[in-house]
Amino acid sequence: MGDVRFISLGDSALTVEFGNVISVKLNETAVALSNRLAKDPFPGFIETVPAYASTSIFYDIAEVRRNFPEFPNAFHAVSSIVDLALEDLDTTASSPSRLVEIPVRFDAEAGPDLDIVAESAGISTESVIEIFSGTVYRVFMLGFLPGFSYMGEVDERIATPRKSTPRAVVPKGSVGIAGKQTGIYSLASPGGWQIIGRTDVDMFTPDDESPCLLRPGDNVRFMPVEE
Amino acid sequence: MSILIQKPGILTTIQDLGRHGFRRFGINPGGVMDPAAARMVNALLGNNERDAVLEMHFPAPQIIFEKGAVAAIGGADFLPHLDGEPLQLWQEFRAKPGSMLTFAGKGSGNRAYLAIKGGLEIDQWLGSSSTNLIAGRGGFSGRRLEAKDRVDLRASALENLDSTGTRLSPWIIPPYSSTPTVRVIPGAEFQSLSDRSLEIFLSRQFEISGKSDRMGFRLIGEAVELSDRAEMISSAVSFGTIQALPDNQLIILMADHQTTGGYPRLAHVISRDLPLIGQLGPGDKVAFQLVTLDKAEKLYLEFERNLKFLGAGSKFESAPN
């Protein structure tokens, strides 16, 4: 394990930072740690949030203090538990990756920014679609909206910065690019990503027992469809 | 067996202490903006502290108790009246069938909480009754309350309509103010504050801007610059996280914050003082005082102990008749 930093995220949570870059390796550690703690929770554990290169852990101060009185405070107790978990963390076995295929319509109506991406790449829109759908993406984390997944990495050739002025409404199901990230708007929302297509698959199904289709660590392939 | 919303008020929602366990899916905890007030009105009535309450902003709603109930109001003082008679905050009252609750003005604070003895009958979504307005789930049909809505009461709300007029001992009520000094602990990028900005952050007042809601409070004040504004990748944030925006102004993330963010995390309001910021609104001013994490944890545990006394009923006073 490289440099691992433990930092307070308020008095009832801490963030374990593995680095400050988007990398599959660091994210594998973040997801594995998150799954490990959720599977084998310590007394006072509430939840974890795996992100690109970090795992945040939320806990109940009183429960942690009661169960680990030998530590000077809850932060140190949880840090110590995490340290132990990291020692024998298996970053591959703990979460078998799923491959989720998502049908996407890539045309001017569903993807109003296809032209912008093509123009900035100096290639045709057909090539943009081919390059984009030729990659398997990793779900690094969810955030922003319920069920919104941050995926990567988008091929350098078509990586396009966010729009300078966000749209007031991006339709639900829109597939966007922001630099080397891609994501699917799980709900209609304001947003600044370059929209290149749209899917009819629901990312967020609030009334299901598991309300979100994608999980951190999943692999995703976009399948071009007509209509 | 319900209360009827006669007039809705500007933003009235059903909330509880939040929805936990779903942040990793981008679903935030939500819940009341002032957790202390919600817990205290519930404890006062002998309810579970996690029971759902009405969170009301000003202009506040008009509410008719169709079948009568025992209830209590805490948090902001919107000058509550029952059938024209003034009510005290933090004190149990009995509402006769058909009586009307109104609010006469914005006295102090920004969020008032109404709890009903025995509790509200609210469907849970993912383990919580809190209203998630973005998902359109939780609380009352996933939305704010509107005129003619009927919020059902649990059967137990009608079982015991005796009220002793129990009221909360004042010592446990947080020191609410429109100009509070709230205690913070350093965040991940605290070290990137220049000396000058550190001094500004910890000595000036910051005004809550009009661009503030349940997701976050934008602050207006002197620029707080970072000596090192490295490109950051997103990670989890929390209720009370204070971030520096690209224009060097600050934002405090509130109950409906997004689960992740990529702006520098300067500091975090300690749990004990979340109720103080939870009662602020546009035009109010906040100052920050640095404390250690040890101190923050101690202050949290102290309040939990105080609330336990409350729950046990040993610190109640009965009001004179």
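From a predicted model like this one, the values you see are computed outputs, not experimental measurements.

Colleague: Pulling in residues and values, what's your account of the interface of chain B and chain A?
Modeller: Taken residue by residue, the interface counts 34 residues in chain B and 42 residues in chain A. Counting residues per element, the side of chain B that touches chain A draws most heavily on helix H4 (residues 293-312) of chain B, at seven residues.

Colleague: Any details on the confidence of the model for chain B? Residues and values, ideally.
Modeller: Per-residue pLDDT for chain B has a mean of 94; in total, 97% of the residues score no lower than 70. Low pLDDT, under 50, characterises residues 314-321 of chain B; the stretch is placed with 14 contacts to residues that sit more than four places away or in other chains.

Colleague: Break down the sheet that holds strand E18 (residues 250-253) of chain B for me, with residues and values.
Modeller: Residues and elements named next belong to chain B. Spatial strand order, E13-E20-E17-E18-E15-E14-E21: seven strands in a closed barrel with mixed pairing. With direction set aside, neighbouring strand axes in the sheet form an average angle of 40 degrees. Sheet analysis places strand E17 (residues 241-244) next to strand E20 (residues 265-269), joined by three bridges and oriented antiparallel. Note on E20: the bridge partner recorded for Thr241 is His268.

Colleague: How would you summarise helix H5 (residues 125-133) of chain A if you had to cite specific residues and measurements?
Modeller: Residue and element names in this part refer to chain A. Those residues of H5 that fall on the buried side of the exposure criterion are Val128, Ile129 and Phe132. Projected down its long axis, H5 carries its buried residues within an arc of 95 degrees, all on one side. Those residues of H5 hidden inside the fold are in contact with helix H4 (114-121), strand E12 (194-198) and strand E13 (219-225).

Colleague: Which residues make up the sheet that holds strand E4 (residues 62-65) of chain B, and what values do they have?
Modeller: Residues and elements named next belong to chain B. One open sheet accounts for six strands, arranged E7-E6-E9-E4-E1-E11; its pairing is antiparallel. The open sheet has two free edges, formed respectively by strand E7 (85-86) and strand E11 (150-152), since each of these has just one partner strand. Across three bridges, strand E1 (residues 2-7) lies against E11 in antiparallel orientation. In the strand pairing of E11, Ile3 is matched with Val151.

Colleague: Before we move on, can you summarise unusual backbone geometry with the specific residues and values?
Modeller: Glu153 of chain A follows Gly152 of chain A through a cis peptide bond whose omega is 0 degrees. Residue placement: Glu153 of chain A occurs in the loop between strand E7 (149-152) and strand E8 (167-170). Of note, the amide linkage connecting Phe58 of chain B to Pro59 of chain B takes the cis form, showing an omega dihedral of 0 degrees. Structurally, the position occupied by Pro59 of chain B is in the loop between strand E3 (53-56) and E4. Phi is positive for Phe144 of chain A, close to 70 degrees, though the residue is something other than glycine.

Colleague: Account for the pairing of E17 of chain B, with residues named and values stated.
Modeller: Residues and elements named next belong to chain B. Judged by which residues are buried, E17 turns out to be covered on both faces: Thr241 and Gln243 on one side and Ile242 and Ala244 on the other are all buried. Both E17 and E18 contribute to a ladder of three bridges, which runs antiparallel. Its bridge partner being in E18, Ala244 is matched across the sheet by Leu250. Remark: five residues form the turn of the hairpin made by E17 and E18, two consecutive strands paired antiparallel; Asn248 in that turn has positive phi of roughly 65 degrees.

Conventions used here
- Residues numbered from 1 in each chain as written.
- Chains lettered and ligands numbered in written order.
- Predicted model: local features only at pLDDT ≥ 70, side-chain atom pairs only at ≥ 80, totals over all residues.
- Contact = placed C-beta atoms within 7 Å.
- Helix = DSSP H or I, 4+ residues; strand = E, 2+ residues; numbered from the N terminus.
- pLDDT = per-residue confidence, 0-100.
- Pairing = 2+ DSSP bridges.
- Axes fitted to C-alpha atoms, helices over the stretch in contact; angles between N-to-C directions.
- Buried ≥ 20, exposed ≤ 12 C-beta atoms within 10 Å, placed from the backbone.
- Arc of directions from axis to C-beta.

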